[in-house]
Amino acid sequence: MAVVDSYLRRNICREEGMEPLFQVPDLHERTQLWESISGYPIPVFIGDLVQWDFVSEVFRKFTPDTIIHYAEQPAAPYSMLNRRAATLTLHNNLMVTANVIFAVQEFCPDAHIVKIGTMGEYGTPNIDIEEGWIEIDHKGRKDKFIFPRQAGSLYHTTKIMDTDLLWFYVRVWGIRVTDLMQGPVYGLITDENEKNDQLFPFFNYDELFGTVINRFIVQAIAGYPLTVYGKGGQTRGYLDIRDTLQCVRLSVENPAEPGELRIFNQFVETFSVNDLAERVRKVADRLGLKVTIQSVENPRKEAEDHYYNPVHTGLLDLGLQPHYLTDDVLAQMIETVLLHKDKINKDIIFKGVKWK
Ligand SMILES: NC(=O)c1ccc[n+]([C@@H]2O[C@H](COP(=O)([O-])OP(=O)(O)OC[C@H]3O[C@@H](n4cnc5c(N)ncnc54)[C@H](O)[C@@H]3O)[C@@H](O)[C@H]2O)c1
């Protein structure tokens, strides 16, 4: 196994003044620490996967059987911040995906690409969301297509474009791809890092890079009203960080066939924003925190009250053992974040990035 990163995430957080709750050591330190715990060495390549010279150097030195492609600008609000952030998101995400495809074709045509997409590719249609594909019966003839997609941010739109690029090269070059339509991930602790907080993931709670559960927990601890956007009926599929690891492992262990684009909807439970705010308030109250919930004007352009029923059986069929967002899981997250209470910077919680 080897790992590649350009520190794009750290750099753009720093540029925008949106530091994570606690500092995370660099990849060299983290892989050394992991080797001392597990005995597994992980070579590290630091460089930009948008640059073909760097990509080809990596694939010459380390030719993989499987590529787990996480390397994208992953924040929807950042992608809507300004033209520069939009261009960076478009260029970075599409070029990394294209370069991974080109590298597979040139260096390891039988390798399996496991790509992290997003449930946000589908948007919130007024019909059930199928797992990637839909059969359409039109004027007496039938065919199978990728399920219609209509994203709510530029970031999510780049994920749709990634899927289209992958699908094109699956058809033309016969590469093997699994595209994981992942919902927002919550949690910090896994079996691998529970004894060592130096291996915790990046934990942002600001409006640009923070995800909703992380944000609500920090807001609850900071005595900041939980910021529900608009009516709060926005419903999405969520999963525990331990389950995202399981899903990726299951996809790697059960690869797609050559010439197959396999799509899984990767989440465990659906919640509305109001559900999440209430859950965090209830558990925080139990821990002695006084929490209020406040509806704020929605800076995004999205349905605040909608139908949402996505299929998600593929990963369960492969053996996913789901973890659920129980009160105990939320309490453990709150207790972990409480250890860093003095580092919370209230000024970065709300920024007001408008979609238009
Ligand atoms: N976290 C979530 O809730 C969530 C939900 C759905 C999908 N995803 C997707 O999962 C993946 C991982 O998300 P994350 O939350 O861990 O984000 P992250 O920012 O922590 O991980 C992405 C990593 O890729 C690196 N990277 C980006 N562009 C690169 C480039 N050009 N060259 C080399 N490295 C580059 C970044 O520096 C970062 O370390 C992303 O593709 C994201 O879109 C995440």
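(A) Representation of the pattern of salt bridges. The full count for this structure, using the stated rule, is 15 salt bridges. For glutamate 57, the salt bridge is made with lysine 61, and the minimal N-O distance between the two is 3.2 Å. Of the two residues, glutamate 57 and lysine 61 are both situated in helix α3 (residues 52–61); the distance of 4 residues between them amounts to about one turn of the helix. The class for glutamate 57 is partly exposed, based on a relative accessible area of 38%. Judged by its relative accessible area of 59%, lysine 61 is exposed. Measuring nitrogen to oxygen at the nearest pair gives 3.4 Å for the salt bridge that ties arginine 236 to glutamate 302.

(B) Geometry of the environment of lysine 142. Structurally, the position occupied by lysine 142 is in strand β6 (residues 141–146). Ignoring anything within four residues of it in the chain, the contact list for lysine 142 reads Glu135, Ile136 and Asp137.

(C) Layout of the sheet that holds strand β4 (residues 112–118). A sheet is described by the order of its strands in space; here 4 strands give the open sequence β3-β4-β7-β11, paired in parallel fashion. Each having just a single partner strand, β3 (66–69) and β11 (261–266) make up the two edges of the open sheet. Between one strand and the next, the sheet's axes are offset by a mean angle of 20 degrees, whatever the strand orientation. Note that β3 and β4 share 4 bridges and pair parallel. Within β4, the residue paired with histidine 69 across the bridge is lysine 115. Contacting β3 and β4, helix α5 (residues 83–107) runs over the sheet at an angle of about 180 degrees to β3. Docked against the sheet, helix α6 (residues 154–173) engages β4, β7 (176–182) and β11, running at close to 155 degrees with respect to β4.

(D) Focus on the site of the ligand. What surrounds the ligand is a group of 23 residues, the closest being Asp5, Asp48, Asn92, Tyr155 and Val185. The separation between an oxygen atom of the ligand and a polar side-chain atom of arginine 9 is 2.9 Å. In the environment of the ligand, an oxygen atom lies 2.9 Å from a nitrogen or oxygen atom belonging to the backbone of tyrosine 70. Contact with the protein chains removes 83% of the 810 Å² of surface that the ligand exposes when unbound. Those elements that provide at least two residues to the shell around the ligand are α1 (8–15), α5, β4 and α6. Along the lines of polarity and charge, the residues of the shell around the ligand split into 12 nonpolar, 6 polar and 5 charged.

What counts and how
Residue numbering note: each chain is counted from 1, following its sequence as written. Where totals are concerned, whole chains, interfaces and linings use all residues; where local detail is concerned, this predicted model gives features only for residues with pLDDT of at least 70, and gives and counts side-chain atom pairs only at 80 or more. Where side-chain values are given, they derive from all heavy atoms of the structure, hydrogens and water being excluded. Take a side-chain nitrogen of Lys or Arg and a carboxyl oxygen of Asp or Glu: if they are within 4 Å of each other, that pair is a salt bridge. The numbering of helices and of strands both runs from the N terminus, where a helix is a DSSP run of H or I of at least 4 residues and a strand a run of E of at least 2. Each residue is assigned to one of three classes by its accessible area relative to the maximum for its type, calculated with a 1.4 Å probe on protein chains only: buried under 20%, partly exposed between the two thresholds, exposed over 50%. Whether two residues touch is decided by their heavy atoms; if any such pair falls within 4.5 Å, the residues are in contact. Two strands are counted as paired when DSSP detects at least two bridges linking them. An axis is simply a line fitted to the C-alpha atoms; with a helix, the fit covers only the stretch in contact. Between two such axes, the angle follows the N-to-C directions and lies from 0 to 180 degrees. If even one non-hydrogen atom of a residue comes within 4 Å of a molecule or strand, that residue is called near it. For this analysis, a polar contact is any N or O atom pair within 3.5 Å, provided that within protein one partner can donate a hydrogen and the other can accept it, and provided that sequence-adjacent residues contribute only side-chain to side-chain pairs. In this description, accessible areas are obtained by the Shrake-Rupley approach with a 1.4 Å probe, and a residue is regarded as covered only by the protein chains that are shown. Note that Gly is not counted as nonpolar here; it falls among the polar residues with everything else outside the nonpolar set of Ala, Val, Leu, Ile, Met, Phe, Trp, Tyr, Cys and Pro and the charged set of Asp, Glu, Lys and Arg.

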